[in-house]
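The lines below spell out each chain.
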Amino acid sequence: MASKFAEGEKVLCFHGPLLYEARCHKVNSEGEVDLYLIHYSGWSQKWDEWIPETRILKYSEANLKKQLELRKHHNKQQNRNKKKNKTADACESEDAYFSKVSIRIDIPGQLKLVLLDDWDLITQQKHLVTLPSQISISQILGL
């Protein structure tokens, strides 16, 4: 099956709740899901990432309008949150942040994509995930 987006194609990609202009650098069609290496226009290469086509839209007038609408809605939300939190400037100190224990866990790519989509739905789009999940962890890990 042919990939939906071509290498070098200009696209719009979801990163959190917003759409950003990007370019598709590579396509990986080896797994069940096509993955695309995306470079966000105007951003450092450290932000380049492999994402599924569910987070990518064609670069078109309609999708540019959608990008603008999302940005306006996001800015309204940010302004509301700023008004609510004007008195709450309680930031964690740098020492407190670095003194926390951290654990690094290697997560398989397919599971990472599912977790990222769930995180986006819950924290950014305020949607709850249907439980029990249709895809079990055993299916994702291929056990």
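Residues numbered from 1 in each chain as written. Predicted model: local features only at pLDDT ≥ 70, side-chain atom pairs only at ≥ 80, totals over all residues. Heavy atoms only, no water.

(A) Focus on the overall build of the protein chain. Within the protein chain, the regular secondary structure consists of 4 helices and 5 strands. Its helices and strands taken in sequence order, the protein chain reads β-β-β-β-β-α-α-α-α from the N to the C terminus. Seen through its principal axes, the protein chain has C-alpha atoms that stretch 55 × 45 × 35 Å. Taking all 143 residues of the protein chain together, the buried fraction comes to 20%. Sequence separation of 24 or more characterises 47% of the internal contacts of the protein chain that already satisfy a separation of 6 or more. Split by element, the accessible area of the protein chain, about 11,400 Å² in all, is 55% carbon and sulfur. Each charge class in the protein chain can be summarised by its mean position, and for the 21 positive and 19 negative side chains these summaries are 10 Å apart. (Helix = DSSP H or I, 4+ residues; strand = E, 2+ residues; numbered from the N terminus. Buried < 20%, exposed > 50% of the residue type's maximum accessible area, 1.4 Å probe, protein only. Contact = heavy atoms within 4.5 Å. Areas by Shrake-Rupley, 256 points an atom, 1.4 Å probe, with all protein chains shown as cover. Lys, Arg positive; Asp, Glu negative; His and termini not counted. Charge placed at Lys NZ, Arg CZ, Asp CG, Glu CD.)

(B) The arrangement of the pattern of salt bridges in detail. All told, the structure shown has 3 salt bridges when counted by the stated rule. Here Lys58 and Glu9 are joined by a salt bridge, their closest N and O atoms 3.1 Å apart. With a gap of 49 residues between them, Lys58 in strand β5 (residues 56-58) and Glu9 in the segment before β1 (10-15) connect regions that are remote in the sequence. Among the residues examined, Lys58 registers a relative accessible area of 36% and is labelled partly exposed. One salt bridge connects Glu49 with Arg55, and the closest N-O pair in it is separated by 2.9 Å. (Salt bridge = Lys/Arg side-chain N within 4 Å of Asp/Glu carboxyl O.)

(C) Region of the structure containing helix α3 (residues 109-124). For α3, which comprises 16 residues, the first-to-last C-alpha distance of 21 Å matches the rise-based estimate of 22 Å (1.5 Å per residue) to within 8%. Within the span of α3, buried status applies to Leu111, Leu113 and Asp120. Looking at the buried side of α3, the elements it contacts are β3 (35-40), β4 (49-52) and α4 (137-141). Looking one or two residues beyond α3, the residue adopting positive phi is Lys126, at roughly 60°. (Expected span 1.5 Å × (residues − 1).)

(D) Spatial organisation of the packing of aromatic side chains. Overall, the coordinates contain 4 aromatic pairs when judged by the stated rule. Relative to Tyr40, the ring of Tyr20 lies with its centre 6.3 Å away and its plane at 85°, an arrangement referred to as edge-to-face. A residue pair is termed long-range when its members are at least 10 positions apart, and Tyr20 in strand β2 (residues 18-28) and Tyr40 in strand β3 qualify at 20 residues. By relative accessible area, Tyr40 is classed as buried at 3%. Consider the rings of Tyr20 and Trp43, whose centres lie 6.2 Å apart with planes at 85°: the pair is edge-to-face. Here Tyr20, found in strand β2, pairs with Trp43, found in the loop between β3 and β4; they are 23 residues apart in sequence, far enough to count as distant. Residue class for Trp43 comes out partly exposed when judged on its relative accessible area of 42%. An aromatic cluster is present here, built from Tyr20, Tyr40, Trp43 and Trp47 joined pairwise through their rings. (Phe/Tyr/Trp six-rings, centres within 6.5 Å; stacked < 30°, edge-to-face > 60°.)

(E) Highlighting the sheet that holds β3. Pairing is antiparallel across the open sheet formed by 5 strands, whose spatial order is β4-β3-β2-β1-β5. Each edge of the open sheet is held by one strand with a lone partner, namely β4 and β5. When strand polarity is set aside, the average angle formed by the axes of neighbouring strands in this sheet is 50°. When β1 meets β5, the two strands line up antiparallel, connected through 3 bridges. Looking at β5, one finds that Cys13 is bridged to Ile56. (Pairing = 2+ DSSP bridges. Axes fitted to C-alpha atoms, helices over the stretch in contact; angles between N-to-C directions.)

All quantities given are derived from atomic positions and should not be read as evidence of function.
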